[in-house]
Every structure is written in structure tokens, then in C-alpha cells.
Amino acid sequence: MVKERDQLLEDLRWAADFDPEDPKLGLQWEDLCSDRISRRHFLRLAIATGALHYLAPLLRPTPAYAQAGAPGGELKAAWGVREFTNLDPAFINQVVQFQITSNVLGGLTHIDAGLVPRPDLAESWEVSADGLTWTFRLRRGVKWHNGDSFTADDVIYTFNRTRDPRAGSLHRSILDPFEKAERLDPFTVRFTLKEPRASLLVKITERSSGRALTIVNRRALEQMGREYTRRPVGTGPFRIAEHRLGERIVLEKFPDYYISDRPKLDRVTIFNIEEPATLASALQSGQVDFLTGNVAIPETIFDRVKAMRDVVISEADDPGFQAIFFNLRKDKQQKIGKATLPTDDLRVRLAMARGMDRDDLIRRALFGRAIPAFGPIPRAQKLYFRDLTASSPQRFDPDQARRLLAEAGYGRGFAIRMVVTPITRRRGEIIADIYKRTLGITIELEVVDFPVQVQRFDQGQFELLQIGSGGDPDPDDSIDDWFWSGAKFNSFGYSNSQVDALNAAQRETVDQAKRVRWVQAAVDLIARDAPCVFLFHGTDSVAFRKNVRGFVHIPALRDLDTVTVR
């Protein structure tokens, strides 16, 4: 153990010794080939891109619960969501959805607990010296759940399906940097890019959060139609035996999974239990052995769960942000029956941003388990993150907030509605209390189920809506997915040509110093425009009884193939 730790420290020293002005970080593109991506190389990338924070678990002793027990048996689990609405990766837009599909589907790569990309359906890969050509050699002998054999044709089909505008994939733009995909032989594919993309292995080919290239089965899609959205056919460790929407999903062991000793469990039953108190009672009574919320244990029951005997809580930094979004769309009359809102005025939005006491919110709603947010970049993206507590246009300043509100003609406050879920209702009540006290604004809560909230957000049917992002290890996830004019999650009507230009530039550059500068400039503009009030960066947490062993906590994911139950 001591030797291993000394070697890790030596690797960290080597990884940190590079010129930050060097766009290649002292590495060559070939260093990212599968047979050359060493721990040292990945640590250097992690330091440069800010993902080093995720590697902290490597420095800690392996906890007892991470040691697997005997195989077999059934895990009963509960997710704090009403239903899993769509499990087709082309349309997945919630972390909870790819938490399920990560156990069912496959990708060319899959991240481990340190966010290092490891081979999944690709056995190895090579990168050209200019970073524009990626050649993946596929694993042979892999079977689909329907008995088909996995080949390069499946990769090409998935690529073309995601890129086809008629398919309507939410993730189509992720493949914009690609020139083409070619089948070189039944087990080799080659991608040619228009410009280098350093995050390709983590953001695009990754089996769960990647989604654009999460590999789907053509025959199953053609035979099942929309049913594929409920019971996708994959190559993963579990296959879906049953899915009763809004009630439960039953996963059963796929005996032909390419890793012969996984999954350990014979069966996993996942219950949908949205109401937090019921969720906690299910764990306490032993009805379930494993509990998770959306990306965390709901804050209203965290202390109750923590106090339970024989229960373990595993935590990791939530690589995302939470915010209150304003409806800036021009079709509000059609969407919500109001042509205008007080929050159309920038002064009102900035007043609400500056009137938000985030420390009070975190203390009362999250019991201190978060840090204030003033932009979309989480602390885990270390190189890009800055502490903006004192400098952000959204910094807490109630006096300035009241002046801005008065200038806008709302010195006596106003009333507005905010959409929350049952799980975030308490958070919403505290937000409403803070705004009433600091600005005289009355927030009326609309409590709807999470899928309904997502639908309302996507369709612009809200005045205010509290939601956030998760699983964001790269600035592309934080900005490119949310805040440029054509972003896939920009349903709130925000548009700034300077942000669009900065985002395009940061997305394409391989110059790390420039990318940092452009990302941070975009964050400053977004905070100034206030399309939302940034609230906090939270903590990813999951709870399970001590008879559950072998769980490996990958941030934002809930992979169960290594889990056993005694």
C-alpha cells in the first residue's frame, strides 16, 4: 500500500510538471491511444482540464463496502423519481435515465471512478499525430441481448442515426466535429474529425453520459418502435426484463455479457418512489437495500438516512450546477398565456441574482452540503473554476438588488410562479422565503413531478423554474450544452452572440490557456446577462445497507455490475 501511494505521488508530481502555455501539455496525440494512455498521461490531462478533483478517491483507502461478496441474489433499490420516461440514448436528457442505461447499454469507452476512459465495446484505439483520425478496434464475441452479434455495422448505424436530422436526436450537434465514420472491417471503425477534440473519449464515445455514440441495436429499434424507449436492447451487463412505467424496472443478469464474472447479481429491482419520506422509510424498513434520488439523496431526508444504523452513505462531488431559470422566450403568450413578465427586465433578473443569499439557502436547505454557484462551471473543473463570491455580477448584495428593483419599477416587489418538484419543494420554500425577506417578491410554488418539470422546461411552459445540470466533467457540458443560442438545453430563450462566439472558440481549440480564458469570459457574460440565478454546486450521494458490497461510485452514475448482496 505504501509503495502504491508513493508511486501515485510520484506520478502526480510528473503529471503536474508541464508548461500550461503548451497547447499539447507536453503530450502527443498518440499518448491517448488505448495502449499508451497511462496513469501519468491521464493525470496530466486531469490536472490541465480540471478533473483532478475527481481523482481524490484514489488517494483514500478502499472502503470495506467496496469489496464485493459472493455472487448471486437480488438487489432491491429505489430511485427518488416518478418514472424513467425515455431510455433511448438519442433522447436521454436526464441523469437518472443514463444511470439506468449505463447498466444496460454499451459504448466504445466507459469512464471509471477516476473518470479515466477505459475500453468498453472498443478493445483498443489509436489516434493520429494530428488528432484528427481515431481508429477503434472493436471487441469480438460481444452479444446483444436479442442474440445478435455486435459488429462495426452497429457503430456506423448509431453514428448515422444520431446525425440524421429526421431522427431528431437531442445530441446530434455533439457529432458536428466529425467529418465521417467508416467501417474498415467487421471489427474496426475509423472516425475522421474536422478539428481535434480532446474530450472525445470522455464526452462522445462514453457509454452512458456520452449518449450520441451509446450503441443501439438496429433490428430491435425497427421491431420495437417506441417500445425501445422503455426497454432498450443493449450489450450491457443487465437486460431489462420488465418496465412498468412509474412503478419499477426489473434488470436481470445477461449471461452472455463480455466480462464473464459480471454482473455479480442475478437480478435488480428498481422501484420508483418519488416522495422523499416514503423513500427513506423503504430503506429503513429493509424494503430496499439501495437508495438514490435524482443525483443525490433528497436533502429533506439526508439527516434521517445518515442516522440509520447499518446504512452507508457514499458521496462524490456533483459535477454540475443548480439554478433558477427565467423564461426569456418570445412566445410566452402562447406558452404561458402572458406576453411579458417582470423578469424580462435585466435589472429585475440581476436584482434577483444579487438578492439571493446562497449561504442561507445552502445552510437551511442543504445542511451545508454544497458551495455557492455564480456560474455553470463546477469546482470539479478545477482549471476553469474561479471563486466569484466577491466579483460576480450575481454576488450577494441586497442593497444593490433593492436599488435595481426600484429602478425597474418594482420597488414594492411582485408575484411570480416557480416550478419545483416534490423533492425540491423544501428548497423552493426557502428560496421563496429569502426573496420575500430581501426583495418583497412573492414566489408561488408549482409542485409537479420531475418528468413534468422537464417537459415544462423543454417546452418553455414556466415563469421561473428551478432545475440544474449533472455529470459535467468538461466545460462543453456546462456551456455548450446550455448557454449558446442553439444549445440543446437552451429552452429558456437566452441568446448572446458574444457567448456564442466564445463557446465556438473554446469548443474547438486545443490551446489550453486560450480555452480557459474563453470559458471564463463566457461565464462572466452569462452571469451579467442573468438568464438564470446560479444557486449552488451540490454533492452526489447514494445510500445503501451494509449488506450491499462492491459498489464503485462513479460520479453521477449508479453502475451495479460489481455489486453483491449478502
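Residues numbered from 1 in each chain as written. Predicted model: local features only at pLDDT ≥ 70, side-chain atom pairs only at ≥ 80, totals over all residues. Heavy atoms only, no water.

> Whenever I open this one, the overall build of the protein confuses me. Can you help?
Counting its secondary structure elements, the protein contains 17 helices and 21 strands. By the burial criterion, 58% of the 566 residues in the protein qualify as buried. A separation of at least 24 residues holds for 71% of the contacts in the protein among residues at least 6 apart in sequence. Carbon and sulfur atoms make up 47% of the accessible area of the protein, which totals about 22000 Å². (Helix = DSSP H or I, 4+ residues; strand = E, 2+ residues; numbered from the N terminus. Buried < 20%, exposed > 50% of the residue type's maximum accessible area, 1.4 Å probe, protein only. Contact = heavy atoms within 4.5 Å. Areas by Shrake-Rupley, 256 points an atom, 1.4 Å probe, with all protein chains shown as cover.)

> Just checking my understanding: could you explain the pairing of strand β15 (residues 415-420) for this structure?
Side chains on a regular strand alternate between the two faces of the sheet. Pairing between β15 and strand β16 (residues 442-447): 6 bridges, direction parallel. In the sheet register, methionine 418 faces β16, and the bridge partner there is leucine 445. Once the chain exits β15 it traverses helix α13 (residues 425-439) before rejoining the sheet at β16, and the crossover so formed is right-handed. Pairing between β15 and strand β17 (residues 464-469): 2 bridges, direction parallel. Within β17, the residue paired with valine 419 across the bridge is leucine 465. (Pairing = 2+ DSSP bridges. Right-handed = clockwise from strand over helix to strand, strands pointing away.)

> Help me out: how do you make sense of α13 in this one?
Because each turn of an α-helix spans 3.6 residues, side chains separated by three or four positions end up pointing in the same direction. In this model α13 runs 21 Å from its N-terminal to its C-terminal C-alpha over 15 residues, within 8% of the 21 Å that 1.5 Å per residue would give. Taken residue by residue, α13 has Arg427, Gly428, Ile430, Ile431, Ala432, Ile434, Tyr435, Thr438 and Leu439 as its buried positions. Remark: glycine 440 follows α13 within two positions and exhibits a positive phi of approximately 75 degrees. (Expected span 1.5 Å × (residues − 1).)

> Which parts of the structure should I look at to understand the sheet that holds β17?
Consider a sheet: its strands pair through backbone hydrogen bonds, and that pairing is either parallel or antiparallel. The 6 strands lie next to each other as β14-β18-β13-β17-β15-β16, forming an open sheet whose pairing is mixed. Of all strands in the sheet, those with a lone pairing partner are β14 (371-372) and β16, marking the two edges. With 6 bridges joining them, strand β13 (residues 321-326) and β17 adopt antiparallel strand pairing. Counterpart to phenylalanine 326 in the pairing with β17 is leucine 464.

> Even after reading the chapter, I still don't get the packing of aromatic side chains, so can you show me in this structure?
Counted according to the given criterion, the structure contains 27 aromatic pairs. An angle of 45 degrees between the planes, with centres 6.0 Å apart, marks the rings of tryptophan 125 and phenylalanine 136 as tilted. Placement of the pair is tryptophan 125 in strand β4 (residues 122-127) and phenylalanine 136 in strand β5 (residues 133-138), with a sequence separation of 11 residues. Residues tryptophan 125 and phenylalanine 136 agree in their burial class; the two are buried. Its end group placed over the ring of tryptophan 484, arginine 507 keeps NZ or CZ at 5.7 Å from the ring centre. (Phe/Tyr/Trp six-rings, centres within 6.5 Å; stacked < 30°, edge-to-face > 60°. Lys NZ or Arg CZ within 6 Å of the ring centre and 35° of its normal.)

> Sorry if this is basic, but what is going on with the sheet that holds β4 here?
One open sheet accounts for 4 strands, arranged β4-β5-β7-β6; its pairing is antiparallel. Looking along the sheet, the strands with just one partner apiece sit at the ends: β4 and β6 (178-185). Strand after strand, the sheet turns through a mean of 20 degrees between neighbouring axes, direction not considered. As judged from the 6 bridges shared by β6 and strand β7 (residues 188-193), these two strands associate in the antiparallel manner. Paired with aspartate 185 across the two strands is threonine 188, which belongs to β7. (Axes fitted to C-alpha atoms, helices over the stretch in contact; angles between N-to-C directions.)

> Help me out: how do you make sense of the confidence of the model for the protein in this one?
Any segment with low pLDDT has predicted coordinates that should not be analysed in fine detail. Counting all residues, the mean pLDDT for the protein is 89, and 88% of those residues have values of 70 or more. Ignoring residues within four places in sequence, the model shows residues 53-59, a span with pLDDT below 50, making 20 contacts including any to other chains. (pLDDT = per-residue confidence, 0-100.)

> Teacher, can you tell me more about the environment of glutamine 461 here?
Tracing the backbone through its elements, the reader meets glutamine 461 in the loop between α14 (450-458) and β17. Considering only alpha carbons, one finds glutamine 461 and phenylalanine 492, 31 residues apart in sequence, at a separation of 9.4 Å.

> I would appreciate a short explanation of helix α12 (residues 398-407) in the present structure.
Where α12 is concerned, the buried positions are Ala401, Leu404 and Leu405. Down the axis of α12, the buried set is contained in an arc of 100 degrees. They therefore lie on one face. Of the surrounding elements, those touching the buried residues of α12 are α10 (346-354) and α13. Directly after α12, the chain includes glycine 409, whose backbone phi takes a positive value near 90 degrees. (Arc of directions from axis to C-beta.)

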